[in-house]
Amino acid sequence: MEDRWNQASTRCLESALDECVYGSRLIGSDPDLVLHGGGNTSIKTPFTDVTGDSFDALFVKGSGWDLATIERRGFAPLNLSRLRDLLALDSLSDTDMMRELKASSFDPDAPAPSVESLLHAYIPHQAVQHSHADAIVSITNVVDGETCVREVFGDSVVVIPYVMPGFDLAKAVAVRWPDEAHDHTVGMVLLNHGLFTFGETTAEAYARHHQLISKAERWLDEHAPLPAPTSAALPKVDRLVLSDLRRRISESANRPMVLCRHSDPVSTRFVQRIDLESIATRGPLTPDHVIRTRRVPMVGRDVESYGRAYAEYFDKHEHRGRTGLTMLDAAPRIVVDVDLGVLTAGRTVGEADIAFDIYEHTMPALERAEDHLGGYVALEPEHIFDVEYWDLEQAKLHLAGPPPALAGNIAIVTGAASGIGRACAAELLARGCAVGGIDKDGSVETAFDNPAWLGLTVDVTDPTAQTAALDEVVERFGGLDIVIIAAGIFGVGAAISQLDPTDFRAVQAVNLDSVLSLLHATHPLLARSPTGGRVSIIGSKNVAAPGRGAVAYSASKAALVQVARIAALEWADDGIRVNTVHPDAVFDTGLWNDQLLAERAHLHGLTVDEYRIRNLLKTEITSADVARLAVELCTDTFAKTTGAQIPIDGGNDRVV
Ligand code: ZN
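Residues numbered from 1 in each chain as written. Predicted model: local features only at pLDDT ≥ 70, side-chain atom pairs only at ≥ 80, totals over all residues. Heavy atoms only, no water.

Before going further, it helps to spend a moment on the sheet that holds strand β1 (residues 40–44). With mixed pairing, seven strands are arranged side by side in an open sheet as β5-β4-β1-β6-β9-β8-β7. On the outer flanks of this sheet lie β5 (75–79) and β7 (157–160), each paired with one strand and no other. In this sheet, neighbouring strand axes are inclined to one another by 15 degrees on average, regardless of whether the strands run parallel or antiparallel. In this structure, strand β4 (residues 57–61) lies alongside β5, joined through five bridges in antiparallel fashion. Note on β5: the bridge partner recorded for K61 is F75. The strands touched by helix α2 (residues 16–28) are β1, β4, β5 and β6 (127–131); relative to β1, the strand with the most contacts, the crossing angle is about 165 degrees. (Pairing = 2+ DSSP bridges. Helix = DSSP H or I, 4+ residues; strand = E, 2+ residues; numbered from the N terminus. Axes fitted to C-alpha atoms, helices over the stretch in contact; angles between N-to-C directions. Contact = heavy atoms within 4.5 Å.)

What the seven strands build is an open sheet, ordered β16-β15-β14-β17-β18-β19-β20; its pairing is parallel. Edge strands, defined here as strands with exactly one partner in the open sheet, are β16 (453–457) and β20 (645–648). Averaged over all pairs of adjacent strands, the angle between strand axes in this sheet comes to 15 degrees, irrespective of strand direction. Here helix α24 (residues 623–632) sits on the sheet and contacts β17 (482–485), β18 (534–538), β19 (577–583) and β20; the angle it forms with β20, its principal contact strand, is near 160 degrees.

A word on helix α9 (residues 202–223). Given 3.6 residues to a turn, an α-helix orients residues that are three or four positions apart in the same direction. Compared with an ideal rise of 1.5 Å per residue, which puts 22 residues at 32 Å, α9 spans 31 Å between its outermost C-alpha atoms and is within 8% of the ideal. Taken as a whole, α9 has its buried residues at T202, A205, Y206, R208, H209, L212, I213, S214, A216, W219 and L220. (Expected span 1.5 Å × (residues − 1). Buried < 20%, exposed > 50% of the residue type's maximum accessible area, 1.4 Å probe, protein only.)

Let us now look at unusual backbone geometry. Although it is not a glycine, N192 adopts a positive phi angle of roughly 60 degrees. Mapped onto the elements of the fold, N192 is located in the loop between β8 (187–190) and β9 (194–199). In this structure, N254 is a non-glycine residue whose phi angle is positive, near 65 degrees. Following the sequence through the fold, N254 ends up in the loop between α10 (239–253) and β10 (258–262).

Looking now at the nonpolar core. Formed by 89 residues in total, the largest nonpolar core has its most connected members in I249, L428, W453, V535 and V578. Broken down by element, this core gets its largest block of residues, eight residues, from helix α20 (residues 501–527). Aside from chain neighbours lying at most four places away, what touches I249 is M257, L259, M298, V303, A331, P332, V335 and A345. (Core = buried A, V, L, I, M, F, W, Y, C linked by side-chain atoms within 4.5 Å.)

When you line up the elements, E475 lands in helix α19 (residues 463–477). The class of E475 is partly exposed, set by a relative accessible area of 24%. Remark: the alpha-carbon pair of E475 and D288, spanning 187 residues in sequence, is separated by 28 Å. In this view, E475 contacts L242, L259, C260 and R261; residues no more than four positions away in its chain are not counted.

Quick look at the packing of aromatic side chains now. Ring pairs (aromatic) are described by centroid distance and by the angle formed between their planes. By the definition in use, this model includes 18 aromatic pairs. Ring geometry for W5 against Y206: centres 5.5 Å apart, planes inclined by 40 degrees, an arrangement best described as tilted. A residue pair is termed long-range when its members are at least 10 positions apart, and W5 in the segment before α1 (7–11) and Y206 in helix α9 qualify at 201 residues. Residue Y206 is classed as buried on the basis of its relative accessible area, which comes to 2%. On the basis of an interplanar angle of 80 degrees and a centroid distance of 5.9 Å, the ring pair of F270 and Y359 is categorised as edge-to-face. One end of the pair, F270, is in helix α11 (residues 265–271); the other, Y359, is in helix α15 (residues 349–372), and 89 residues separate them in sequence. Just as F270 is buried, Y359 falls in that class too. An aromatic cluster of at least three residues, connected via ring pairs, comprises Y310, Y313, F314, F385 and Y389. (Phe/Tyr/Trp six-rings, centres within 6.5 Å; stacked < 30°, edge-to-face > 60°.)

Geometric values such as these leave the question of function open.
Structure (structure tokens):
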């Protein structure tokens, strides 16, 4: 573990709470210590109220805050003497504990306190830091975890057998602590859970975290080295195989899911182990991973069997719930397969990426334990179930609110670097869709800073490059549900009598031929969409109301409409909807420049300003307006519409 405490940056901190915030962020931003909201910290320091009275208080991490980014207001100031009174009780339900913790807060605006608050209150040191460090769970999740911990740390730590976080864990610590703690105690290891360290200051607690974890890491490197990195590569997988699997997982989840493939060296080595099925199906490193990863991954591709096993697991443990439980969906979140590698599923790319972050840290720990420490041992399924169906854990998932309308959907947008294409990509991302954006302009690759964005530099007129891009999108997201065709060029404006046939062909190549080849290549993917494939084509007002000097553009768009109509006819049996929007005069696109605008305005005998709003509603159409309509056509609002052409032109008397 890297010691990231910087004396210079803590010198100017004004209070113990500020130092706790600083130390919390160090713990929270180290993925070897905690992942995605795990871990918690506290500081015992007086709380001064509005009258100037001072009280002994525990400032403890609030739930919903991530240690990596926590601020002062992320800590709840709790009345310490009240917490000690609560600890004297014989029992306290989760619901009552959470209500009492909230009632102990000196600040009604503070966040709900961590479920581990009573444990923090019990520990007789000012500063407390708690993580789920890889190195700690690597030595606890073995045949005799306590012996292994003792071998590494001797008696410098208190060791607590697994108890679910909450009142019972705080009581278990209170029972064991007096017998095990002494002057040289610097930490506490919770088996199958993680590490607590403490001290008179956060600096001391952090230094002890660093000391213990570094010691465990050195011990592991010596006694349980990782296998050598593999040089083997996973085979290339047909995109239809991935998209079939993604469809079946989505059906099992009863909602569209993204499925991200990982073929990095660690994943590759792991899936090629001959004992894969055995070690992958024993359970997670710590129970709180279960809400992200499920208890076990799916080994292989039999989604139906996995779902049946999940239902059996639920039936077997359902009685443990204090109230009636509803089974979560039975779809896997992690898939391990000898050829496919590690795949992670989620309602959003963010969820799938979190599942992989956790599994990336899980695989080496499983291998070390299995190969060198007598075998990997996880908690019994009932303990995992308790956490999976614990209201307090499920609440963490619900904090984010319901997923947006197109969550789990996967789209491709052509011409995504600028104009209408870029606006469509932005609209899809805003609605929760994963988007592969293609454009010949390389700026497409960094057009959006979003894990759900994959920008690819592709010339759409190159069918080989198009299909390679499809492969990449399916590798990253698992399939395809939506295609938005926005790439287009205007070409050279010329009267037919003046037109160079080469210029005419060049426009057809981009606006028409490339669409035909892309639709041809995407059809089998769209036919496998769990929600029904959808295509939105950006046409043009010119189809219904062509203009002089624009034959190449107008002819290409008119032909494109016929392509769309015939696709709607041919693909209806596959549940694929194909619709066209006809924008007019969208000037914030790469198609237009000042010179072209001036020329077209002049041709119509108008000023540029008049030309911009020459429609019935006297309104200017923007790329964002067109994108909203093109994307809306891909939602359930238009679930029963295909083969339609919808103008978005402010009303045009030649079209109306
Ligand atoms: Zn914990």
